[in-house]
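# Coordinate inspection notes
Here is what each chain is made of, one letter per residue.
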Amino acid sequence: MKVALASDHGGVNIRREIASLMDELGIEYQDFGCECEGSVDYPDYALPVAEKVASGEFDRGILICGTGIGMSIAANKVKGIRCALVHDTFSAKATRAHNDTNILTMGERVIGPGLARDIAQIWLTEEFEGGRHATRVGKISEYENK
Ligand code: RB5
């Protein structure tokens, strides 16, 4: 699995935490910044990462901003992306098992690094259950491809 990772200025610390988690787990990833001193615009990071996942260049994406909200709104505009904003471990598992999400966002101003790490680890390792959930995800893709 290859993961595209990015944050705006509001998510740099959790992005570093997730990078070190993926190093420990032996998960291949590329860090797309930001290398920011001042403030940057989250769509400039969310959209390229989402496009890399949608094109198949990367299997998954993880995006961090202050709230996780802006990154998730932007990523979900890209066709083929199922992005979830997650701040608890139950949802981290459910959104992989039920929604087959391919991008995870979190907000560094909302949760701490320990919880972010647990959420990312669950989300990176949990499998999609398929079955009735595949039917439901398929209905979203069908709508998107109309
Ligand atoms: C930046 O101040 C902040 O708006 C951004 O990190 C994010 O929370 C947007 O949704």
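Structural notes, computed from the coordinates.

Criteria and cut-off values
- Residues numbered from 1 in each chain as written.
- Predicted model: local features only at pLDDT ≥ 70, side-chain atom pairs only at ≥ 80, totals over all residues.
- Heavy atoms only, no water.
- Pairing = 2+ DSSP bridges.
- Helix = DSSP H or I, 4+ residues; strand = E, 2+ residues; numbered from the N terminus.
- Axes fitted to C-alpha atoms, helices over the stretch in contact; angles between N-to-C directions.
- Phe/Tyr/Trp six-rings, centres within 6.5 Å; stacked < 30°, edge-to-face > 60°.
- Lys NZ or Arg CZ within 6 Å of the ring centre and 35° of its normal.
- Salt bridge = Lys/Arg side-chain N within 4 Å of Asp/Glu carboxyl O.
- Buried < 20%, exposed > 50% of the residue type's maximum accessible area, 1.4 Å probe, protein only.

What follows covers the sheet that holds strand β5 (residues 103–107). With respect to topology, five strands assemble into an open sheet ordered β2-β1-β3-β5-β4, the strand pairing being parallel. Bordering the open sheet on either side are β2 (28–31) and β4 (83–85), each of which pairs with just one other strand. In this sheet, adjacent strand axes meet at a mean angle of 20° when their direction is disregarded. Judged from the five bridges that link them, strand β3 (residues 60–65) and β5 form a sheet pairing that is parallel. Across the sheet, the residue bridging to L63 is T105, located in β5.

Next up on the list: the packing of aromatic side chains. For the structure on display, the rule yields one aromatic pair. Consider the rings of F32 and F58, whose centres lie 5.6 Å apart with planes at 80°: the pair is edge-to-face. Of this pair, F32 sits in the loop between β2 and α2 (43–54) while F58 sits in the loop between α2 and β3, and the two are 26 residues apart along the sequence. Taking the ring centre of F58 as reference, the NZ or CZ of K2 above it sits at 4.8 Å. Geometry around W123 places R60 over its ring, the cationic atom sitting 4.7 Å from the centre.

This next bit is on the pattern of salt bridges. A full pass over the atoms with the stated rule returns seven salt bridges. Salt-bridge contacts for R15 lead to D31; the nearest nitrogen and oxygen are separated by 2.9 Å. On the criterion of sequence distance, the pair formed by R15 in helix α1 (residues 12–25) and D31 in strand β2 is long-range, its members being 16 residues apart. Of the charged contacts, one joins R82 and D100 as a salt bridge, the two residues approaching to 3.3 Å between their closest N and O atoms. On the criterion of sequence distance, the pair formed by R82 in the loop between α3 (69–75) and β4 and D100 in the loop between α4 (89–97) and β5 is long-range, its members being 18 residues apart. What you see here is one network of salt bridges that share partners, running through R15, D31 and E35.

Glancing now at the pairing of β5. Of all five residues that make up β5, five are buried, and the element is covered over most of its length. Across the two faces of β5 the burial is the same, with I103, T105 and G107 and L104 and M106 all buried. By the bridge criterion, three bridges tie β4 to β5 in an arrangement that is parallel. Residue pairing in the sheet places C83 in a bridge with I103 of β5.

Geometry only, nothing functional implied.
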